[in-house]
Amino acid sequence: MRRSSARSGQTEPVAALVAVVVVALALALYAGAFEANFPGPVDRDHAEAAADRVERAVTVGGVARPGRLADALDRAPSGYEANATLTVGNVTEHAGPAAPSTGDSASRRVSVRVGGGRVAPGRLEVRVWT
């Protein structure tokens, strides 16, 4: 009956290290080739960025001014059209062309100046489309 050797099933450290490096390189090459075949990321977050820019253009000291709504529409990304709507209670103000239902939209809660020294909660909605 044969006794099992203490070295049975072992590999030299250098050979094992080379094997690990070869496997890691093969996986890296495969992942690189696989990733290159994916389409690029879809940039569909134009409404969020436009809403941020419109909000900054409409607000003064953290309070939105309805009179500045029409001037803020030039903040839309180039090549896109935008519509901005500011709603305070039962009063709604629009600026820009009518938005189609397929456009991206984003909304923000804002404080709106409603009169001399009075501020009310409102909602700013921005729709962006091509």
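Numbering of residues starts from 1 in each chain and follows the order in which that chain's sequence is written. Per-residue local features of the predicted model are confined to residues with pLDDT of at least 70, and side-chain atom pairs are confined, for both listing and counting, to 80 or more; whole-chain, interface and lining totals are unaffected and use all residues. As a convention, hydrogens and water are excluded, and side-chain values are obtained from all of the structure's heavy atoms.

Quick look at the pattern of salt bridges now. Should the charged atoms of two oppositely charged side chains come close, the side chains can pair. We define a salt bridge as a contact between a side-chain nitrogen of Lys or Arg and a carboxyl oxygen of Asp or Glu at a distance within 4 Å. For the structure on display, the rule yields four salt bridges. In this structure, Glu-125 and Arg-127 form a salt bridge, with 3.8 Å as the shortest nitrogen-oxygen distance. Within this structure, Glu-48, Asp-52, Glu-55 and Arg-108 form a network of salt bridges that share partners.

On to the sheet that holds strand E4 (residues 91-95), then. Pairing between strands is defined by DSSP: at least two bridges between the two strands are required. Every helix listed is a DSSP run of H or I at least four residues long, and every strand listed is a run of E at least two residues long, numbered separately from the N terminus. With respect to topology, six strands assemble into an open sheet ordered E1-E2-E5-E6-E3-E4, the strand pairing being mixed. Of all the strands in the sheet, the pair left with one neighbour each is strand E1 (59-60) and E4. Bridge analysis of strand E5 (residues 104-115) against strand E6 (residues 118-129) gives eleven bridges, and the strand direction is antiparallel. Each residue of the ladder has a partner; that of Ser-105, found in E6, is Arg-127. On the sheet, helix H2 (residues 46-58) packs against E1, strand E2 (63-64), strand E3 (81-88), E5 and E6 and is oriented at approximately 15 degrees with respect to E5. In what follows, a contact means two residues having at least one pair of non-hydrogen atoms within 4.5 Å. Simply put, an axis is a line fit to the C-alpha atoms, just over the touching stretch for a helix, and the angle between two N-to-C directions goes from 0 to 180 degrees.

Let us now look at the pairing of E6. It is a general feature of regular strands that their side chains alternate between the two faces of the sheet. Both E3 and E6 contribute to a ladder of seven bridges, which runs antiparallel. Of the residues in E6, the one forming a bridge with Ala-84 is Val-126. Counting the residues between successive antiparallel strands, the hairpin from E5 to E6 contains two residues, one of them, Gly-117, with a positive phi of roughly 80 degrees.

Inside soluble globular proteins, nonpolar side chains tend to come together where they are buried. Only buried residues count toward a nonpolar core. Its members are Ala, Val, Leu, Ile, Met, Phe, Trp, Tyr and Cys residues joined through side-chain atoms within 4.5 Å. Relative accessibility decides the category of a residue: with a 1.4 Å probe and only protein chains considered, values under 20% of the type maximum give buried, values over 50% give exposed, and everything between is partly exposed. Membership of the largest hydrophobic core comes to 23 residues, with the highest contact counts inside it found for Val-54, Leu-69, Leu-124 and Val-126. Counting residues per element, the ones that place at least two in this core are H2, E3, E5 and E6. If you tally residues by element for this core, the top one is H2, at six residues. Each residue touching Val-54, except ones within four places of it in the same chain, is listed here: Ala-72, Arg-75, Ala-84, Leu-124 and Val-126.

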